[in-house]
Amino acid sequence: TETCLTLRALHLDHYRVEIMLGKSGWGWDIRDQLQLGYDDAEPIGVKMLLAITVIPLPPDELLSHIDSLAAALKKMRCEPGEVLLFQWKVPVISNELLRLVLPKLRAVLGKKWRIGVGVQTNYAELGRNPFEAAGLDFVAYGIQPQEHAFDDASLVENLESQADTVRSARAMYPKQKIYVSPLTLRKRFNPYAQVEMDRFTEQPPADQHDPRQTTDFGAGWLLGSLKTLAEAGADAVTVFRAAGDAGLLTADGHPHPTFEVLRQVQAFAGGTVRLTRSSDKLVCSSLWLEKDGRKTLFLANHTARPQHVAGDGWQTELAPHEVKRMDW
C-alpha cells in the first residue's frame, strides 16, 4: 500500500506484529495473523518483531502451535527477525512455560532468530516480575509518560527517567539486549485496573489516542525520547504505531511531524551518538549524531514560547515547539 511505501523511506529496523499463540478454534489461525503482519512488513522492507502472547495449553498442543508458527514463517520465506514472548493474563511469562517453549522455538526457528521476554506495560512491571533470562537474546518493556500526570511539562520532565529504565534493566539482565517496545504517548495496557481482566486487555483505540501525538510538541517529545534512549544505550525502540491517530502517519498515509523527525534521525542509523547536555531540560532537548564524516545537532523546543539556544561557538533561535537540525 501507499502507506507502507511511505514508511519504507524511514529505513526502519523492524515492524511489530501482535500474535496470539494457541488461539485456534476461537480466533484467527496463526497463519492468518502472520500473513496480515507480513503483508505490512514486506513492502516496508523490514523484518518482523513477533510479539507473541502465549496461551497456556497442554504441552503437546502448545508445541504443535509452535510447529504451525514455524511452518507458516517458512512458507512466507520471512527474513529472520525477533520473537518477543508474553503470557496471557499475567504480567510476565512464567519460568515454567518459558522452559517449555524456548527450546522448541530455538529448534524450529533456527539460530538467526532472536528471542526475548518482556512486559506489555512500563518498566515497573518488568522490575517487579523477574524471570530466568538464560538463553534469551533480549528483554523488552514499553514506555509511556502519563501514569500519574498528563500536562506538557510533566511529559517533558519524564524524558530523563527513560534513561534510568534502560540502565536498571541492563543491571538486572546484563547479558541481554534492551528493547523499548513500544514507545507511546499513552498506555496500551493498564496493569493497575481494579478489575483483574482489564489489566491484560488492551485499551480501546480512543483511550490510546493523545491529540499531541500529531503535533509539533509530539515531534519534540519523540526527539527527546530518542536522545535519552540512545544515550542510555537502548538497543532497539519500537516507535508508536505505523498509522492512525497514534501513528507516524495518518490513516490515509500522510506524515505526522513525528514521521519527519524519525526520517531525519534514521539517516544516521549505524552512526555515533555523542552525549549532550541542556542547561534547562524542560525547555530544550538536544541530540548529536555523527556518521560518515557528517555531524548533526537536533534541537527541540518543548515550550510554546520562542527560545534562544546557544552552544560552544554557535547560537540559534527556535520557534515554539520547533525541532531544528543544524549540520556541520
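Whatever comes next refers back to the structure up there.
Residues numbered from 1 in each chain as written. Predicted model: local features only at pLDDT ≥ 70, side-chain atom pairs only at ≥ 80, totals over all residues. Heavy atoms only, no water.

Q: Quick one: what's the story with the state of the cysteines, residue by residue and with numbers?
A: What the rule picks out here adds up to zero disulfides. Cysteine Cys-78 remains unbridged, with the sulfur of Cys-4 as its closest cysteine sulfur at 14 Å. Judged by relative accessible area, which is 14%, Cys-78 ranks as buried. (Disulfide = S-S within 2.5 Å. Buried < 20%, exposed > 50% of the residue type's maximum accessible area, 1.4 Å probe, protein only.)

Q: Quick rundown of the packing of aromatic side chains? Include the residues and the values.
A: Each aromatic ring pair is characterised by the separation of its centres together with the angle its planes make. On inspection of all chains with the given rule, the structure shows seven aromatic pairs. An angle of 75° between the planes, with centres 5.4 Å apart, marks the rings of Tyr-123 and Tyr-141 as edge-to-face. Here the residue Tyr-123 occupies a position in helix α5 (residues 123-128), and Tyr-141 occupies one in strand β5 (residues 138-143), the gap between them amounting to 18 residues. Between the NZ or CZ atom of Arg-294 and the centre of the ring of Phe-268, over which it lies, the distance is 4.6 Å. (Phe/Tyr/Trp six-rings, centres within 6.5 Å; stacked < 30°, edge-to-face > 60°. Helix = DSSP H or I, 4+ residues; strand = E, 2+ residues; numbered from the N terminus. Lys NZ or Arg CZ within 6 Å of the ring centre and 35° of its normal.)

Q: Tell me about the nonpolar core, residues and numbers included.
A: Leu-34, Leu-50, Leu-85 and Tyr-141 are the most contacted members of the largest nonpolar core, which totals 79 residues. In terms of residue count, helix α9 (residues 216-232) provides more of this core than any other element does, eight residues in total. Among residues more than four places away in sequence, those in contact with Leu-85 are Ile-52, Val-54, Ile-93, Leu-98, Val-101, Leu-105, Ile-115, Gly-116, Val-117 and Gly-118. Membership of the second largest hydrophobic core comes to nine residues, among which are Leu-297, Leu-299, Leu-318 and Met-326. (Core = buried A, V, L, I, M, F, W, Y, C linked by side-chain atoms within 4.5 Å. Contact = heavy atoms within 4.5 Å.)

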